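# Coordinate inspection notes
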Amino acid sequence: MATDDRAGRLTRPDEGVDRSNGTVLLAGAIAAIVVSPVVWLVLQAVGQGPARILGLLVGGSTLRITVNSVLLTGLTTLGSVAIGVPLAVLTVQTDLPFRRFWTVVCALPLVVPSYIGAFAFVSAFGPRGLLTEFVPTGATVYGLGGTVLVLTLFVYPYVFLTTRAALLSFDTTLLEAARTLDHSYLAAFRRVALPRILPGVTAGALLVALYALSDFGTPAIMHYDVFTRLIYVYYATPGSEGAAVVLSLQLLVITGFVLALESRIGAASEEKGYASSGRSDAATIELGWWKLPATLFPASIAVLCLVVPVGVLALWILRGGPGYTAGGFAFEWSYGINTVVVSLVAALATTLVAIPIALSSARTETALSRLTERATYFGYATPGVVLGLALVVFGSNYAPALYQTLPLLVFAYVVRFLPQAVGTTRSSVLQVDETLVEAARTLGVSQLAAFRRVTLPLIAPGVIAGAALVFLTSMRELPATLLLHPTGFTTLVTYVWRVTDAGYYGAAAVPALALIGVSGLSMLVILSQEGDDGG
Amino acid sequence: MPQGDAMAETDGTAEPSTRIGTRDGTPTADEETVVSLEGVTKRYGPTTAVDGLSLSVHRGELLTLVGPSGCGKTTTLRLLAGLERPTSGTVRVDGEVVAGGNAFHDPEERDVGIVFQDFALFPHLTVAENVAFGLGEETDHEHRVEELLSLVGLSEYHDRQPSQLSGGEKQRVALARSLAPEPAVLLLDEPFSNLDVGLRVEMREEVRRILDETGVTAVNVTHDQEEAMSISDRVAIVREGRLEQVDTPEGAFQRPRSRFVASFLGHASFVSGYVSGETVDTGIGPIPRAAIDGLAREYDGTDVDVMVRPDDVTARPPAPDEVPNGEVVHRRFLGPTVFYRVELDSGDVVGCSHNHAEEVPLDEPVKVELSAEHDLAWFPTGAKRVADGGTDDAR
């Protein structure tokens, strides 16, 4: 049958090269550029000589921040599992009242950038905060405890969502099958359900770990010394750039380790098929009189994650007061315009770069096209502060003309958010049947015209969604913006950072709320994409 | 004697290239060739999909490439369309070399149209825009589009979206779209395989009507031998990248040039026989030499296999004075007919189909007789006999 012939064609290596050599080469070149920043870091580190590197590696502060980073990552992950898994079970497996409502509420904290959350908590419970009188004497919002608390509250939804997906996709007839094979409910759950749900939990936990490890804003605002904070401190201290570079490479290695773990577990869980489809409505646990206390759990999480930050920001706006215009920190609307313009440019640039990569990875099965697609994730996985530093090193040492210019900042956004655009574009390319292009060409249309008249109109929704995502995430990006923005070029994010640093919390309320709104919009874009895929 | 030559070839002794075009594949003077393949080979790494294939398509005919899955028929079609580049060999369309030597014309530079298996309608364009796609962007083609839509009976579907169409309607639009630029040859890639069984037969007739009306030359690809025989002017049976036979449907069915063709086009049994004078002695009795198609004298005194189709033989309970020559070992009810598998005393197994009213008991001795009124095909013995229902040649 012809389908056999076609399936065979996909795996034949010479075919793609035959037809879209140009696209693949272009994509490969782009990927090389995307990976390049790390090369500058390595060059810079090597340039310092082995003795100094060794000294930095075994220095006292290195050990301290490694322990701190591991503690923060570990505790945040544990906390996220402790909150995310019970919430997932409650919203999927029980007869909790208003389950749909609580599901949305439990996922919503993802919308709040964690550094805004940290800012809200500090501005409420920190020194000179709104609610400082409620903090017991001797206790402080700063440090490990506060950082773990805030980070957990805003990243646990990763665990919640992946666990939920695993629970939803679990086919409960398997449980019934186990029970007909003489297993008690508990034994059946342990031997059949658990192995299928566990990969979902683990996948979410690893996402949390990666986030905690690379997050810059939260530990910085909460004054807790981890890799990201120290990299920034060293960067800002004249003469300590070398230390920042070595720390960055160390952080990259640790990140790589977590990523390797994640890809192994990801592959394993795909094999075990935790995303298998099936009936899952049968095993509802009746809560009985536990209903009310059970509802209090998601409700209190919602208060902490949503009501507190938004409420605090709103209170600051209402209060206005002396802090608002003091110290030359007055908010100007041009900051907003700056943010929109630079993010718009980044979105456009990223989209242009993403299209050839998406085409080559969706249409050809060569090693180069696979490598290219993987490479785009490199910038995504690189902690923002490390990427920012790498480009600072590049700019100050190799390309002074670019240093602290908008093109370099836009480049950082492209490198960092390329996978978002590639992802949405690629999935829409995959939905375009390749025979459509062949049909166009047998109707006398050239390859380029076929792309313009057939492929492009069909992938437009994916391309636009990708651009929107990049636009919205660029607007809220903190560390790279902080390191690379040109002098005098203030965005919403750098403004929030500056006034928070100086303690003028009131001034940051409006831009911070705006950033929450922006993040909410990006969530909507993602959800609408998922809706398209389903339909 | 061509028949004898064909026999030799199926035993694998002849060069594959001499296999083609000796009987009906050779174009005569009044049959103008529109498309030709000459020794075309396509390799993918170590796999050879098309192996030195030569074929000519005549103006106005519908030729069907038919063969089992993975035989290379779709690849052949894609080579014609320019969607694949041949490893070697020459492809001509309307006398012009479009692939071969250093020449390679892209699909858009060839005068070919193609109807894809899944129709490949552009989902973002209306029916009319789909049909007008190949007519160029600059000018207005409203008249031509109307003409084609009325040809395929979809005039009122002008502004519909492809997603609103049924399978049969999509097929009509795809046909109209590929006919619009008036291609020298229309290629059909398993066009009926995505349709419901009921619709398939109807669309077969409909497509044949449209092709006849436009007079276009067409090459169809299918794995369904019934479809191939019912709509084609000629069929080309493809196996493992090579042509086994090119013939009219009747010719290929009655006079298959290989056991593979015999079995692929319909159920075939082979009964062994010994050529002695004016008869061939077989397990179903002596068959007159005259009833066997072109049995050459040099096969006197040798063993041959005679091909019988299920409707060529009947099995019945023996009369009291008759000696039975076989036993029914299998019985399958097929509705209008009943299929029996009879093991002959000679060891051969033959399939016979009867009217369902005639009842022959299972596991009883029967008398099997030849009831065919046409010549029978034959093959020299020497290779492993293809048993009842088998589809593979001896190697």
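These remarks concern the structure in this document. This structure is a prediction, so every number in the text was calculated from the model and none was measured.

## Digging into the overall build of chain A
- Secondary structure assignment for chain A yields 22 helices and 0 strands.
- In chain A, of all internal contacts separated by at least 6 residues, the share reaching a separation of at least 24 is 83%.
- With an accessible surface of roughly 23000 Å², chain A has 69% of that area assigned to carbon and sulfur atoms.

## Some details on the packing of aromatic side chains
- Tallied over the entire structure, the rule returns 19 aromatic pairs over all chains.
- Relative to Tyr398 of chain A, the ring of Trp40 of chain A lies with its centre 4.7 Å away and its plane at 35°, an arrangement referred to as tilted. With Trp40 of chain A in helix H2 (residues 13-46) and Tyr398 of chain A in the loop between helix H16 (384-397) and helix H17 (406-431), this residue pair connects regions lying 358 residues apart in the sequence.
- A relative accessible area of 39% places Tyr398 of chain A in the partly exposed class.
- A centroid spacing of 4.3 Å and a plane angle of 40° characterise the contact between Phe122 of chain B and Phe133 of chain B, whose relative ring orientation is tilted.

## Regarding the packing of helix H15 (residues 367-381) of chain A against H17 of chain A
All names here are of chain A.
- Relative to each other, H15 and H17 sit at 140°, their axes nearing to 6 Å. As judged from the angle between their axes, H15 and H17 are oblique. Crossing of H15 against H17: the hand is left-handed. Here Glu373, Thr376, Tyr377, Gly379 and Tyr380 of H15 come into contact with H17, specifically with Val415, Arg416, Phe417, Leu418, Pro419, Gln420, Val422 and Arg426.

## Let's talk about the pairing of strand S10 (residues 234-239) of chain B
Residues and elements named next belong to chain B.
- Burial of S10 is extensive: 6 of the 6 residues sit out of reach of the surface.
- Burial along S10 is two-sided: Arg234, Ala236 and Val238 and Val235, Ile237 and Arg239, pointing in opposite directions, are all buried.
- In the sheet, strand S3 (residues 62-66) pairs with S10 via 4 bridges, with the strands oriented parallel. Looking at S10, one finds that Leu65 is bridged to Ala236.
- Alignment of S10 against strand S11 (residues 242-247), held across 5 bridges, turns out to be antiparallel. Each bridged residue has a counterpart across the sheet, and for Val238 the counterpart in S11 is Leu243.
- If you look at the hairpin formed by S10 and S11, you'll find 2 residues sitting between the two strands, and Glu240 has a positive phi there, around 50°.

## Focus on the interface of chain B and chain A
- Contact residues are listed per partner, giving 33 residues for chain B and 30 residues for chain A.
- Carbon and sulfur atoms supply 54% of the area that chain B and chain A bury against each other, a total of about 2800 Å² over both sides.
- Of all residues in chain B, Tyr44, Glu108 and Phe133 of chain B bury the most surface against chain A, accounting for 22% of the area lost on that side.
- For the pair chain B and chain A, the interface holds 3 salt bridges.
- A salt bridge links Arg78 of chain B to Glu438 of chain A, with the shortest nitrogen-to-oxygen separation between them at 2.7 Å.

## Quick look at H16 of chain A
Residues and elements named next belong to chain A.
- Here H16 spans 20 Å end to end across 14 residues, near enough to the 20 Å set by a 1.5 Å rise per residue.
- The element H16 is extensively covered by neighbouring structure, given that 12 of its 14 residues are classed as buried.
- If you check which residues of H16 are buried, you get Gly384, Val385, Val386, Leu387, Gly388, Leu389, Ala390, Leu391, Val392, Val393, Phe394 and Gly395.

## Structural notes on the environment of Asp303 of chain B
- Locating Asp303 of chain B in the fold gives a position in strand S15 (residues 303-308).
- C-alpha of Asp303 of chain B to C-alpha of Tyr274 of chain B: the two residues are 29 residues apart in sequence and 4.6 Å apart in space.

## Quick look at the environment of Pro383 of chain A
All names here are of chain A.
- Take Pro383: it is sitting in the loop between H15 and H16.
- According to the relative accessible area criterion, Pro383 is buried, its value standing at 1%.
- Separated by 33 residues in the primary sequence, Pro383 and Arg416 place their C-alpha atoms 9.0 Å from one another.
- The residues contacting Pro383, other than those within four sequence positions of it, are Ser214, Leu251, Leu252, Thr255 and Arg416.

Calculation notes
- Residues numbered from 1 in each chain as written.
- Chains lettered and ligands numbered in written order.
- Predicted model: local features only at pLDDT ≥ 70, side-chain atom pairs only at ≥ 80, totals over all residues.
- Heavy atoms only, no water.
- Helix = DSSP H or I, 4+ residues; strand = E, 2+ residues; numbered from the N terminus.
- Contact = heavy atoms within 4.5 Å.
- Areas by Shrake-Rupley, 256 points an atom, 1.4 Å probe, with all protein chains shown as cover.
- Phe/Tyr/Trp six-rings, centres within 6.5 Å; stacked < 30°, edge-to-face > 60°.
- Buried < 20%, exposed > 50% of the residue type's maximum accessible area, 1.4 Å probe, protein only.
- Axes fitted to C-alpha atoms, helices over the stretch in contact; angles between N-to-C directions.
- Parallel < 35°, antiparallel > 145°, perpendicular 65-115°, else oblique.
- Left-handed = near helix turned anticlockwise from the far one by under 90°.
- Pairing = 2+ DSSP bridges.
- Buried area = accessible area lost by both parts, 1.4 Å probe.
- Salt bridge = Lys/Arg side-chain N within 4 Å of Asp/Glu carboxyl O.
- Expected span 1.5 Å × (residues − 1).

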